[in-house]
Amino acid sequence: MSISVKRRADAALSGQVWAVAAGVVSLVAAMIVLAIHAWHPVRLVLGTHGSWVAQLAACAGIVALVTLALLVRLRLSQREVIAGARFLLPPGVDGLTGLADRAAFCRSFEQILDTIDHRGGATLLLLDLDLFKEINDTYGHQAGDAVLAEVARRLRFICGPDVPVGRLGGDEFAVLIEGAPEATDITAACRLIIAEVRKPIPYDGHALAVGVSIGFCATQERGTTRDDMMRRADRALYLAKARGKNCAVAFHPDMDRDESQRRYQERELRGALINGEIDIDLQPIFGSDGVTMKGVEALARWNHPYRGRVGPAEFVSLAESCGLIHRLGATILRLACRAAARWEELFVSVNVSPIQFRRSDFVAQVKAALADSGLPADRLVLEITESVMIEDAEHARAVTHELRALGVKIALDDFGTGFSSLSYLRRFNLDTLKVDRSFVADLDSGVEAATILHCVVNLGRALGLKVVAEGVETAEQARFLRAAGCGLMQGYHLARPMTVPEFERRFAGPASRAVALAG
């Protein structure tokens, strides 16, 4: 319920409460007068008989008690009404923000599209708040409600009373502009909305900060449906989110073609999971000498019937966006454990998607893969990124604790590319730091990268963590890392990723694993 509606409801019920209170005061006053009149000296002075006075006073007392009970009940009813009196809202009004709800906004949208010839066109803006989930998780849902109400007030202030503005649900809003304004005017309006929404929102002594991403589309064609407009604006909004948020993106017809291509790829990926086209490559991980193999990293591959062996960069993000990452991740984990179980003493490292890691049955998924393959838990290393710890630190800590209780090792992947907070290294039970390949690649360009690598290696050793350097592509890089004390290395200079059968041919026994690949 909006604040203004609550105030009107409170005023209406408060009037009734005051009316009852006035009746109580009147009855109490009458009772006092009658009691005084019933007093014996007063009766002697006035020469009246007191029996009827006492009876009337008793009746007044009973009525007063009843009125007090009604007053208490009315006040309790008032609180219930203020907490959730939807019947006080006119139909089609969102209870929290006072804006049009989804159904009412869509009705207004349909009316404008039906008369688009007379109006000259229509532009739809879809808005989605950035960082809203973080506010809910940190300060609670009451803070989230306050943010939504304030954002709605700012939108109404910017757009004016005559522009349809609605809350579609959650933290999603919509604005409908009639006519055919210039694209530059729409862009300017979006910038104004973004700037206004980003202003801090005071709440309980805190300054809450949110952002907003906007996708918009315009039409002047009769026959354009509401669903078409919503779909186009939603495509643009998705791209705005992908570009880093707090920006506005206009719909372009190419987005429809991209979406058609994405849906086609999604169907292909679903088929690949069913038909067993998902596979893994193994890339050896060597000790500091660059000769002794310590383990392997399992890298996802898609044996596409037409495109050949496709790398993870082309389908993992697709799996995350269409809800297939859990199934894909389970497949990769199972294949990796089965492969590693063939060779004693080698560990296998597997990348875990943040979405997969947050799933409630992820630990059970790991247990199933270990049981299916017979791989000892201490030979499985799960690589997670810093975003896993940032987005939900408590859940991440609980899951890593449960995994390490099984014996599974945890590696922090791409260390140095995110926040790299030392507090995460102290709070989480980690076993390994994987230095991002960009630092290794920069070794040839200056001393800064060398200094950073020295610091990371020394930090890992001080904390009792293993340090793995990725992307070792030259002999000079390998020599520097060896001198810096880096315990594990992987990269094309040492060994390229290879299929499981090829790995088995090249490293069939312990002797083969102890031979350098140079030459």
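Chemist: Sorry, what's going on with the overall build of the chain here?
Modeler: If you tally the helices and strands in the chain, you get 22 helices and 17 strands. The 519 residues of the chain split such that 44% are buried. Of all intrachain contacts in the chain linking residues separated by at least 6 positions in sequence, the fraction that spans at least 24 positions is 67%. As displayed, the chain offers around 26,500 Å² of accessible surface, 55% of which is attributable to carbon and sulfur atoms.

Chemist: For this particular structure, what's the right way to read the environment of Arg232?
Modeler: Among the secondary structure elements, Arg232 is positioned in helix H9 (residues 226-242). A relative accessible area of 22% means that Arg232 is categorised as partly exposed.

Chemist: Please clarify how the sheet that holds strand S2 (residues 165-169) should be interpreted in this entry.
Modeler: Strand pairing within a sheet occurs via backbone hydrogen bonds; the two strands may be parallel or antiparallel. In spatial order, the strands read S2-S3-S1-S6-S7; together these 5 strands make up an open sheet with mixed pairing. For this open sheet the edge positions go to S2 and strand S7 (248-250), each flanked by a neighbour on one side alone. Within the sheet, the average angular offset between the axes of one strand and its neighbour, ignoring direction, is 20 degrees. Of the strand pairs in this sheet, strand S1 (residues 122-130) and strand S3 (residues 172-178) are connected by 7 bridges, and their pairing is antiparallel. Across the sheet, Leu126 pairs through a bridge with Ala174, a residue of S3. Sheet contacts for helix H8 (residues 183-197): S1, S3, strand S6 (211-219) and S7; angle to S6, the most-contacted strand, approximately 160 degrees. Along the sheet, H9 contacts S1, S2, S6 and S7; its crossing angle with S6, the most-contacted strand, is approximately 145 degrees.

Chemist: For this particular structure, what's the right way to read the pattern of salt bridges?
Modeler: The final tally for this structure, using the stated rule, is 23 salt bridges. Asp228 is the partner of Arg231 in a salt bridge, and the nearest nitrogen-oxygen pair spans 3.7 Å. Pair noted here: Arg231 and Asp228 are both in helix H9, with a separation of 3 residues, about one helical turn. Taking the relative accessible area as the measure of exposure, Arg231 reaches 26% and is therefore partly exposed.

Chemist: Is there a simple way to explain the side chain of Asp281 in this structure?
Modeler: By the element assignment, Asp281 lies in strand S8 (residues 278-287). On the accessibility criterion, Asp281 (7% relative accessible area) is buried. Within polar-contact distance, the side chain of Asp281 engages the side chain of Arg301 at 3.0 Å. If we ignore the near neighbours within four places in the chain, the residues touching Asp281 are Glu297, Ala298, Leu299, Arg301, Arg309, Pro497, Met498 and Thr499.

Chemist: What exactly am I supposed to notice about the confidence of the model for the chain here?
Modeler: The predicted coordinates ought not to be read in detail in places where the model reports low pLDDT. Taken residue by residue, the chain gives an average pLDDT of 82. The fraction at 70 or more is 78%. Across residues 1-5, confidence stays below pLDDT 50; counting only partners more than four residues off in sequence or on other chains, it has 13 contacts.

Chemist: For this particular structure, what's the right way to read helix H19 (residues 447-462)?
Modeler: It helps to recall that an α-helix has 3.6 residues per turn; residues three or four apart then point in one direction. Look at H19: 22 Å from first C-alpha to last across 16 residues, which is about the 22 Å you get at 1.5 Å a residue. Those residues of H19 that are buried are in contact with strand S13 (409-415), strand S14 (432-435), helix H18 (437-441), strand S15 (466-469) and helix H20 (475-484). Looking at the residues trailing H19, positive phi occurs at Gly464, about 75 degrees.

Chemist: When you look at the state of the cysteines in this model, what are you seeing that I'm missing?
Modeler: By definition, a disulfide links the sulfur atoms of two cysteine residues through a covalent bond. On inspection of all chains with the given rule, the structure shows 0 disulfides. Here Cys159 stays unpaired: no disulfide links it, and the sulfur of Cys190, its closest cysteine neighbor, is 9.7 Å away. Looking at Cys159, the relative accessible area reads 17%, which means it is buried.

Chemist: Would you explain the pairing of S13 in this entry?
Modeler: Burial of S13 is extensive: 5 of the 7 residues sit out of reach of the surface. Alignment of strand S12 (residues 380-384) against S13, held across 4 bridges, turns out to be parallel. Paired with Ile384 across the two strands is Leu412, which belongs to S13. Sheet analysis places S13 next to S14, joined by 3 bridges and oriented parallel. Bridging across to S14, Leu412 finds its partner in Leu433.

Chemist: Explain the pairing of S6 to me, please; I cannot follow it from the model alone.
Modeler: In summary, the side chains of a regular strand alternate between the two faces of the sheet. Within S6, 8 of the 9 residues are buried, leaving the element largely enclosed by the surrounding structure. Pairing of S1 with S6, which is carried by 9 bridges, proceeds in the antiparallel orientation. Its bridge partner lying in S6, Leu127 is registered against Ile214. Pairing between S6 and S7: 3 bridges, direction parallel. Within the sheet, the bridge partner assigned to Phe216 lies in S7 and is Ala250.

Chemist: How should the environment of Glu476 be read in this particular structure?
Modeler: Counting through the fold element by element, Glu476 comes out in helix H20. For Glu476 and Leu443, which are 33 residues apart along the polypeptide, the C-alpha to C-alpha distance reads 9.0 Å.

Chemist: Explanation requested: unusual backbone geometry in the structure shown.
Modeler: For residues other than glycine, phi is negative in most cases, and the peptide bonds are mostly trans. One non-glycine residue, Leu131, adopts positive backbone phi at about 70 degrees. Tracing the sequence through the fold places Leu131 in the loop between S1 and helix H6 (132-139). Positive phi values are uncommon outside glycine, yet Glu345 reaches one of about 75 degrees. Counting through the fold element by element, Glu345 comes out in the loop between helix H12 (325-340) and strand S11 (347-351). Residue Glu345 is classed as exposed on the basis of its relative accessible area, which comes to 71%.

Chemist: It is not clear to me how the nonpolar core should be interpreted in this structure. Could you clarify?
Modeler: The tendency in soluble globular proteins is for nonpolar side chains to be buried as a group. In this structure, Leu380, Leu382 and Leu403 are the most contacted members of the largest nonpolar core, which totals 78 residues. Looking at which element gives the most residues to this core, the answer is H12, with 8 residues. Contact partners of Leu380, with chain neighbours within four places excluded, come to Leu333, Cys337, Val348, Val350, Val366, Leu370, Leu375, Val408 and Lys409. Val175, Ile186, Val212 and Phe216 belong to the second largest nonpolar core, which has 28 residues in total.

Chemist: What is the right way to read the packing of H12 against helix H14 (residues 362-373) from this model?
Modeler: For any two helices packed against each other, the geometry comes down to the angle between their axes and how far apart the axes lie. Where H12 contacts H14, the two axes come as close as 9 Å, and the packing angle between them is 30 degrees. Crossing angle aside, the handedness with which H12 passes H14 is right-handed. For the pair H12 and H14, contact is made by His326, Gly329, Ala330, Leu333, Arg334, Cys337 and Arg338 and by Gln365, Val366, Ala369, Leu370, Asp372 and Ser373, respectively. Considering only residue class, the contact of H12 with H14 consists of 6 nonpolar, 4 polar and 3 charged.

Rules and cut-offs
Residues numbered from 1 in each chain as written. Predicted model: local features only at pLDDT ≥ 70, side-chain atom pairs only at ≥ 80, totals over all residues. Heavy atoms only, no water. Helix = DSSP H or I, 4+ residues; strand = E, 2+ residues; numbered from the N terminus. Buried < 20%, exposed > 50% of the residue type's maximum accessible area, 1.4 Å probe, protein only. Contact = heavy atoms within 4.5 Å. Areas by Shrake-Rupley, 256 points an atom, 1.4 Å probe, with all protein chains shown as cover. Pairing = 2+ DSSP bridges. Axes fitted to C-alpha atoms, helices over the stretch in contact; angles between N-to-C directions. Salt bridge = Lys/Arg side-chain N within 4 Å of Asp/Glu carboxyl O. Polar contact = N/O pair within 3.5 Å; in protein donor to acceptor, adjacent residues only side chain to side chain. pLDDT = per-residue confidence, 0-100. Expected span 1.5 Å × (residues − 1). Disulfide = S-S within 2.5 Å. Core = buried A, V, L, I, M, F, W, Y, C linked by side-chain atoms within 4.5 Å. Left-handed = near helix turned anticlockwise from the far one by under 90°. Nonpolar A, V, L, I, M, F, W, Y, C, P; charged D, E, K, R; others polar.

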